[in-house]
Amino acid sequence: MGRSSHSSSVAQLSSGSRPSLLKSKPIHLRKSRSKRAGLTFSVSRVDRKLHEGAHGNRISSGASVYLAAVLQYLTSELVDMSVIESKKKNKKRITPRLITLAIKTDNDFNSLFKDITIAQGGVLPKPTKEIKSNSNQN
């Protein structure tokens, strides 16, 4: 019996797999940084993009987690506001137009996206002087 267990470990070594002592954590115990932080956005992707860009020589590991959390929060807020706009217009889909309306109606997002143009987003409707004067006369 002792010989058979030894031969199976030798067979594992010769087959190219690592011996059990050198294996990393089992798959069910591994957790991504996104899961550990409780985020949906990929922390690893944000970290990679931070390192690829010329943002500095030294970037802490917590910076990518924090940035991913901020991006996820901003995205969820923007989607929530766009859903509200879609319900106002009785639409079932969020279109670029509804995203633009959501951004332009919120002061914080409007200041954040002041230099951004969204394709097919259009502009905010502004009533002309004639329309205002006609409404005041009625």
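Residues numbered from 1 in each chain as written. Predicted model: local features only at pLDDT ≥ 70, side-chain atom pairs only at ≥ 80, totals over all residues. Heavy atoms only, no water.

## What to know about the overall build of the chain
Counting its regular elements, the chain contains seven helices and zero strands. Its helices and strands in sequence order give the chain the pattern α-α-α-α-α-α-α, from N to C terminus. In the chain, which comprises 138 residues, the proportion classed as buried is 16%. Long-range contacts, defined as pairs at least 24 residues apart, comprise 36% of the intrachain contacts of the chain with a sequence gap of at least 6. Carbon and sulfur atoms make up 55% of the accessible area of the chain, which totals about 11600 Å². (Helix = DSSP H or I, 4+ residues; strand = E, 2+ residues; numbered from the N terminus. Buried < 20%, exposed > 50% of the residue type's maximum accessible area, 1.4 Å probe, protein only. Contact = heavy atoms within 4.5 Å. Areas by Shrake-Rupley, 256 points an atom, 1.4 Å probe, with all protein chains shown as cover.)

## Describing helix α3 (residues 43-52)
Buried within α3 we find Val 43, Val 46, Asp 47 and Leu 50. The arc enclosing the buried residues of α3, seen along the axis, measures out at 100°, which places them on a common side. Relative to its buried face, α3 has exposed residues pointing more than 90 degrees away, namely Arg 45 and Glu 52. Contacts made by the buried residues of α3 are with α2 (33-37) and α4 (61-88). Capping the start of α3, Ser 42 holds a side-chain oxygen 3.1 Å from the backbone nitrogen of Arg 45, two or three residues further along. (Arc of directions from axis to C-beta. Polar contact = N/O pair within 3.5 Å; in protein donor to acceptor, adjacent residues only side chain to side chain.)

## A short note on the environment of Pro 96
Looking at where Pro 96 falls in the secondary structure, it is placed in helix α5 (residues 96-105). Residue class for Pro 96 comes out partly exposed when judged on its relative accessible area of 34%. Between the C-alpha atom of Pro 96 and that of Gln 120, which follows or precedes it by 24 residues, the distance is 6.0 Å. In contact with Pro 96, other than residues within four places in its own chain, are Ile 118, Ala 119, Gln 120 and Gly 121.

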